[in-house]
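# Observations on the three-dimensional arrangement
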Amino acid sequence: DLFSLLGLIPLGDVDIDGAVRRAIAKYSGDNLINVHYYVATKWALVGYITTFTVKGDVIKYKMSQQ
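My aim in this report is to walk through the structure given alongside it, one point at a time.

Analysis parameters
- Sequence order sets the numbering: in each chain, residues are counted from 1 along the sequence as written.
- At least 70 in pLDDT is required for a residue's local features to be given in this predicted model, at least 80 for side-chain atom pairs to be given and counted, and no such filter applies to totals for whole chains, interfaces and linings, which use all residues.
- In computing side-chain properties, one takes all heavy atoms of the structure into account and sets aside hydrogens as well as water.
- Only protein chains enter the area calculation, which uses a 1.4 Å probe; residues under 20% of their type maximum are buried, those over 50% are exposed, and those in between are partly exposed.
- Think of it this way: any DSSP run of H or I at least four residues long counts as a helix, any run of E at least two long counts as a strand, and we number them from the N terminus.
- What makes two residues a contact is simply this: any of their non-hydrogen atoms within 4.5 Å.
- For two strands to be treated as a pair, DSSP must find no fewer than two bridges joining them.
- By salt bridge we mean one thing: a side-chain nitrogen of Lys or Arg within 4 Å of a carboxyl oxygen of Asp or Glu.

## A look at helix α1 (residues 16-26)
Taken together, the buried positions of α1 are Gly18, Ala23 and Ile24. Looking at the buried side of α1, the elements it contacts are β3 (31-44) and β4 (47-59). Residue Ser28 follows α1 closely and has a positive phi angle near 50 degrees.

If you want it as structure tokens, here you go:
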């Protein structure tokens, strides 16, 4: 989430790579495919909050037998 005071001073950071890593770790996967991200902005009296949501399919690689 990113908060912007009076719409001018950003407070916080957006870490999309971190969000992808957390999603992969949450489901004990190896990668994320079919990735989509969404941005939502909510206005408040003294600024606004921007929320980034990352969605996709977590996959786990399987060792091939040769």
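## As for the pairing of β3
Two elements, β3 and β4, share 12 bridges in a ladder whose sense is antiparallel. What sits directly across from His36, in β4, is Lys55. Hairpin connection, β3 to β4: the antiparallel pair is bridged by 2 residues.

## Describing the pattern of salt bridges
Enumeration according to the criterion identifies 1 salt bridge in this entry. The salt bridge involving Asp30 is made with Lys60; its shortest N-O contact spans 4.0 Å. In this pair, Asp30 is assigned in the loop between α1 and β3 and Lys60 in the segment after β4, connecting sequence segments 30 residues apart.

## Section: the environment of Asp15
As for its placement among the helices and strands, Asp15 is situated in the loop between β2 (9-12) and α1. Accessibility expressed as a relative area gives 39% for Asp15, which makes it partly exposed. Among all residues touching Asp15, those that are not within four sequence positions of it are Arg21 and Arg22.

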